[in-house]
Amino acid sequence: MSWSDRLAELGIKLPAVPPPAGAYIPAVRTGSLVYTAGQVPFVDGKVAATGKVGGDITPEQGADLARICALNALAAIDSLVGIDSVTRVVKLVGFVASAEGFGGQPAVINGASNFIGEIFGDAGLHARSAVGVAELPLNVPVEVELIVEVA
């Protein structure tokens, strides 16, 4: 089964790639690796939520937003090389705009990791960083980037 078939089976449609908010491109390939730019929770061209996790945003909402970020990262990969060329997910990096004292970044980024695993199975098992930060661009709560290997 192809990754496109798996997405269809799960009822997931890759969105249009959000336009860059600065001087960069959404994804770049070097050799057999594709690196995505950090993806924020854009839905239909608009930021889905703003604020800090552990404050305005619950950890559960943060996990849902991390899933949206991962979906946008997959869209960036698809637009560059096609989703079916992915052979494995190598690394996921997640940034969580955190309210003071919030330490649940790993659970928030699990929203993205679990989503990747749902699609790619064993090929989606990845190394990961979940980083708490004071602020993110556009005041979003979560940002995710991916590194994938492609055929």
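Note that the structure is a prediction, hence the values are computed from the model and not measured.

What counts and how
- Residues numbered from 1 in each chain as written.
- Predicted model: local features only at pLDDT ≥ 70, side-chain atom pairs only at ≥ 80, totals over all residues.
- Heavy atoms only, no water.
- Helix = DSSP H or I, 4+ residues; strand = E, 2+ residues; numbered from the N terminus.
- Expected span 1.5 Å × (residues − 1).
- Axes fitted to C-alpha atoms, helices over the stretch in contact; angles between N-to-C directions.
- Parallel < 35°, antiparallel > 145°, perpendicular 65-115°, else oblique.
- Left-handed = near helix turned anticlockwise from the far one by under 90°.
- Contact = heavy atoms within 4.5 Å.
- Core = buried A, V, L, I, M, F, W, Y, C linked by side-chain atoms within 4.5 Å.
- Buried < 20%, exposed > 50% of the residue type's maximum accessible area, 1.4 Å probe, protein only.

Q: So what's going on with helix H2 (residues 59-81)? Which residues, and what values?
A: With 23 residues, H2 should reach 33 Å at 1.5 Å per residue; the first-to-last C-alpha distance of 33 Å fits that figure. Within two residues after H2, Gly82 carries a phi angle of roughly 90°, on the positive side.

Q: Pulling in residues and values, what's your account of the packing of H2 against helix H3 (residues 105-120)?
A: H3 packs onto H2 with a crossing angle of 45° between their chain directions and a minimal axis gap of 7 Å. The angle between H2 and H3 falls in the class oblique. As for how H2 packs across H3, the hand of that crossing is right-handed. Residues Pro59, Gly62, Ala63, Ala66, Arg67, Ala70, Leu71 and Leu74 of H2 form the contact with H3, whose participating residues are Ala107, Val108, Ile109, Gly111, Ala112, Phe115, Ile116, Ile119 and Phe120.

Q: Can you tell me about the nonpolar core, naming the residues and giving the values?
A: Counting residues in each nonpolar core, the largest one holds 39 residues, and the members touching the most others are Leu74, Ile83, Val86, Ile116, Phe120, Val142 and Leu146. Put simply, the parts of the chain that give this core at least two residues each are helix H1 (3-9), H2, strand E5 (86-97), H3 and strand E7 (142-150). Among the elements that line this core, the one with the most residues is H2, at 11 residues. Judged by nonpolar contacts, the second largest core, of 5 residues, contains Val40, Ala97, Leu136 and Val140.

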